[in-house]
Amino acid sequence: MRLPTLGYSWLKMIKPPVIDPATEAERRIAQAKTEGATSLDLSRLGLASTPASLVSLPNLAFLNLEENQISVISHCVASLRRLRFLNLGQNQITAISDALSYLSDLGYLYLQSNQISEIPDWLSRLKKLRHLLLGANQIAIIPDSIGSLSNLDDLHLNDNRIAAIPVSFASF
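Description of the structure in this document.

The rules behind these values
- Residues numbered from 1 in each chain as written.
- Predicted model: local features only at pLDDT ≥ 70, side-chain atom pairs only at ≥ 80, totals over all residues.
- Heavy atoms only, no water.
- Helix = DSSP H or I, 4+ residues; strand = E, 2+ residues; numbered from the N terminus.
- Buried < 20%, exposed > 50% of the residue type's maximum accessible area, 1.4 Å probe, protein only.
- Areas by Shrake-Rupley, 256 points an atom, 1.4 Å probe, with all protein chains shown as cover.
- Phe/Tyr/Trp six-rings, centres within 6.5 Å; stacked < 30°, edge-to-face > 60°.
- Salt bridge = Lys/Arg side-chain N within 4 Å of Asp/Glu carboxyl O.
- Expected span 1.5 Å × (residues − 1).
- Arc of directions from axis to C-beta.
- Contact = heavy atoms within 4.5 Å.

As for the overall build of the protein
Here comes step 1: Scanning the protein from terminus to terminus reveals one helix and six strands.
Here comes step 2: In sequence order, the secondary structure elements of the protein are arranged as α-β-β-β-β-β-β.
Here comes step 3: Taking all 172 residues of the protein together, 44% fall into the buried category.
Here comes step 4: Total accessible area computed for the protein in this model is approximately 9,900 Å², and 55% of it derives from carbon and sulfur atoms.

A look at the packing of aromatic side chains
Here comes step 1: Tallied over the entire structure, the rule returns four aromatic pairs.
Here comes step 2: Aromatic pair Phe85 and Tyr108: ring centres 5.8 Å apart, planes at 40°, arrangement tilted. Here Tyr108 lies in strand E4 (residues 108-110) and Phe85 lies in strand E3 (residues 85-87), a separation of 23 residues in the sequence.
Here comes step 3: Overall, the relative accessible area of 15% leaves Phe85 in the buried class.
Here comes step 4: Among the residues examined, Tyr108 registers a relative accessible area of 32% and is labelled partly exposed.

Digging into the pattern of salt bridges
Here comes step 1: Inspection of the entire model under this criterion finds five salt bridges.
Here comes step 2: Note that Asp105 and Lys128 form a salt bridge whose closest N and O atoms lie 2.8 Å from each other. With a gap of 23 residues between them, Asp105 in the loop between E3 and E4 and Lys128 in the loop between E4 and strand E5 (131-133) connect regions that are remote in the sequence.
Here comes step 3: Assessed through its relative accessible area of 27%, Asp105 is described here as partly exposed.
Here comes step 4: Taking the relative accessible area as the measure of exposure, Lys128 reaches 45% and is therefore partly exposed.
Here comes step 5: Across the pair Arg130 and Asp153 runs a salt bridge, and its minimum N-O distance is 2.4 Å. Within this pair, whereas Arg130 is found in the loop between E4 and E5, its partner Asp153 is found in the loop between E5 and strand E6 (154-156), the two being separated by 23 residues in sequence.
Here comes step 6: Its relative accessible area of 47% is what places Asp153 among the partly exposed residues.
Here comes step 7: Within this structure, Glu24, Arg27 and Arg28 form a network of salt bridges that share partners.

Structural notes on helix H1 (residues 21-35)
Two residues of an α-helix separated by three or four positions point the same way, owing to the 3.6 residues in each turn.
Here comes step 1: If you check H1, its first and last C-alpha atoms are 21 Å apart, about what 15 residues at 1.5 Å a residue would give, namely 21 Å.
Here comes step 2: Glu24, Ala25, Ile29 and Ala32 are the residues of H1 that are buried. Angularly, the buried residues of H1 cover 135° about the axis, an arc narrow enough to put them on a single face. Away from the buried face of H1 by more than 90 degrees, exposed residues Lys33 and Thr34 are located.
Here comes step 3: Of the surrounding secondary structure, the elements contacted by the buried residues of H1 are strand E1 (39-41).

Considering unusual backbone geometry
For residues other than glycine, phi is negative in most cases, and the peptide bonds are mostly trans.
Here comes step 1: Phi at Gln90 is positive, roughly 55°, even though this residue is not glycine.
Here comes step 2: Examined against the element boundaries, Gln90 turns out to sit in the loop between E3 and E4.
Here comes step 3: You will see that Ser113, though not glycine, has its phi angle at about 55°, which is positive.
Here comes step 4: Residue placement: Ser113 occurs in the loop between E4 and E5.

What follows is the structure, encoded as structure tokens:
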């Protein structure tokens, strides 16, 4: 007896489950908390905001929030005092939140491909900052204070609206 052949048309009927971005983020955060993780990848989830539950991960050193739909950096990020790497590239961020000013150990700050129009003066207080990526934004003016970041090795400002380089950059 020969069984009927189904072919591959039945595969078209199977649809992948729809996963809510916030639910997936919360699952990953809960897992990171349980495992005592120091790194967390929340990239490409379609998140509209930074999850408030990040405050439950005070030992986090690496946080990737790249390629989401985040428009505002929430103040919960300020509680991540041990953070050394933060990637918020390719989102919808329009302003650099002062919540980041509390991240004194931050060495890598990636904010490329957003809609940021201004670099705040307080950014110069992040003395351990070595890599600052602000390319592909709407920035027109670079504050003189950025020149005081003595540990800065990489500063990417390509594809912005910058017309002049501050005098403080002569030492770079």
